Amino acid sequence: MSSAMIDLIFHATLDTLYMVAISGLIATLLGVPLGIMLYVTRPRQILARPVLNQVLGIITNIGRSIPFIILMVAITPFTRMLVGTSIGINAAAVPLTIAAIPFVARLVEGALNELSPGLVEAAQAMGATPWQIICKVLLPEARGGIITALTVTLVTLVSYSAMAGAVGGGGLGDLGIRYGYNRFMPEIMLVTVIILVVMVQGFQSLGDYLVRKSDRK
């Protein structure tokens, strides 16, 4: 393998990490609060708003139901308006983020569902406000589940970022398609797959470590 090809693989790996990091960060900042809202606005919850909960649920379900490759194409005008182009890693980060937000939200909601209702009832009996319950009861107790949710999201974003390469998104997916498939270079395809597997394993191992560490606190 030539040095030029090694350089291409290195930069494609960095591009993939960039897309996953940017979309994962924004999805966390928006998806975690959305997941909390989905939980606390349920009927008989601390901020019960059935209508708001239903609206948020519908929006979240719509976001989760659209296949990623279709989402990328469907929001091309929005992507171009936001970042000035519809191809490249910055453009790919837009649909990656939009796809990840409802994914994170539902996983966070699921983590909160695992908590005992008695925790909230005890906090309410001590006079805690809804905000205090969220910050000092729900989030600390669901910390392990939320970390697991974010880990699953990062792993999913790695596969989505590779898919984005099929439509000019850049990164390892683009490299594998352009060289491994179109130019009949199976060794490039193999290297691409190996790097993606290592990347996924790395994120999963880091997430497992953080979960174990949080459980000991």
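No experiment lies behind these values; they were computed from the predicted model shown. (Residues numbered from 1 in each chain as written. Predicted model: local features only at pLDDT ≥ 70, side-chain atom pairs only at ≥ 80, totals over all residues. Heavy atoms only, no water.)

Chemist: How should the overall build of the protein chain be read in this particular structure?
Modeler: On a plain count of helices and strands, the protein chain comes out with ten helices and zero strands. Along its sequence from the N terminus, the protein chain presents helices and strands in the succession α-α-α-α-α-α-α-α-α-α. Referenced to the eigenvectors of the C-alpha coordinate spread, the extents of the protein chain come out at roughly 70 × 40 × 25 Å. Here the protein chain holds 217 residues, and the buried ones make up 40% of them. Restricting the contact set of the protein chain to residue pairs at least 6 apart, pairs at least 24 apart contribute 71%. Put simply, the protein chain shows about 11,600 Å² of open surface, and 68% of that area lies on carbon and sulfur atoms. The positive charge centre, built from 14 side chains, and the negative charge centre, built from 10, are 7 Å apart in the protein chain. (Helix = DSSP H or I, 4+ residues; strand = E, 2+ residues; numbered from the N terminus. Buried < 20%, exposed > 50% of the residue type's maximum accessible area, 1.4 Å probe, protein only. Contact = heavy atoms within 4.5 Å. Areas by Shrake-Rupley, 256 points an atom, 1.4 Å probe, with all protein chains shown as cover. Lys, Arg positive; Asp, Glu negative; His and termini not counted. Charge placed at Lys NZ, Arg CZ, Asp CG, Glu CD.)

Chemist: Any chance you could explain the side chain of Thr79 here in plain terms?
Modeler: Inspection of the secondary structure assignment puts Thr79 in helix 4 (residues 76-83). Given a relative accessible area of 3%, Thr79 falls into the buried group. For Thr79, the contacting residues outside a window of four places in its chain are Gly84, Thr85, Ser86, Ala91, Val94 and Pro95.

Chemist: Quick question: what am I supposed to make of the nonpolar core here?
Modeler: Note on soluble globular proteins: their nonpolar side chains tend to be buried together. Ranked by internal contacts, the top residues of the largest apolar core, which has 49 residues, are Ile36, Val40, Ile46, Val108, Leu112, Ile133 and Leu138. Among the secondary structure elements, those contributing two or more residues to this core are helix 1 (3-40), helix 3 (68-74), helix 5 (89-113), helix 6 (117-125), helix 7 (130-141), helix 8 (143-164), helix 9 (171-181) and helix 10 (186-215). Excluding its chain neighbours within four sequence positions, the residues that come into contact with Ile36 are Val108, Leu112, Ile134 and Leu139. (Core = buried A, V, L, I, M, F, W, Y, C linked by side-chain atoms within 4.5 Å.)

Chemist: Hey, could you run me through helix 1 in this one?
Modeler: Three- or four-residue spacings in an α-helix give side chains the same orientation, since the helix completes a turn every 3.6 residues. Taking 1.5 Å as the rise per residue, helix 1 with 38 residues should run 56 Å; its terminal C-alpha atoms sit 54 Å apart, in good agreement. The largest bend along helix 1 measures about 30° and falls at Thr28. (Expected span 1.5 Å × (residues − 1). Bend = angle between axes of the 7 residues up to and from the residue.)

Chemist: Please explain the side chain of Thr60 as it appears in this structure.
Modeler: Relative to the helices and strands, Thr60 is located in helix 2 (residues 50-65). The exposure class assigned to Thr60 is buried, which follows from its relative accessible area of 1%. Contact partners of Thr60, with chain neighbours within four places excluded, come to Leu34, Leu38, Pro102, Ala105 and Arg106.

Chemist: What am I meant to see in the packing of aromatic side chains here?
Modeler: Two descriptors summarise a pair of aromatic rings, namely the distance from one centre to the other and the angle between the planes of the rings. Evaluation of the coordinates by the stated rule reveals one aromatic pair. Seen in terms of ring centroids, Phe68 and Tyr160 are 4.7 Å apart; in terms of plane orientation they differ by 5°. Their pairing is stacked. Note that Phe68 is positioned in helix 3 and Tyr160 in helix 8, a separation of 92 residues in sequence. (Phe/Tyr/Trp six-rings, centres within 6.5 Å; stacked < 30°, edge-to-face > 60°.)

Chemist: What's the story with unusual backbone geometry in this structure? I'm lost.
Modeler: For residues that are not glycine, phi is negative in most cases, and the peptide bond is trans in most cases. In the Ramachandran plot, Arg44 falls in the positive-phi region, its phi being about 70° despite a non-glycine side chain. Secondary-structure assignment places Arg44 in the loop between helix 1 and helix 2. A relative accessible area of 82% places Arg44 in the exposed class.

Chemist: I would appreciate a short explanation of a nonpolar patch on the surface in the present structure.
Modeler: Taken together, the side chains of Ile58, Ile62, Ile66, Ile69, Ile70, Val73, Met163 and Val167 make up a nonpolar region of the molecular surface, amounting to roughly 630 Å² of accessible area. Locating Ile69 in the fold gives a position in helix 3. A residue is classified by how much of its surface remains accessible, and Ile69, at 31% relative accessible area, is partly exposed. (Patch = residues over 30% accessible without salt bridge, like charges linked within 9 Å, V, L, I, M, F, W, Y side chains within 5 Å. Salt bridge = Lys/Arg side-chain N within 4 Å of Asp/Glu carboxyl O.)

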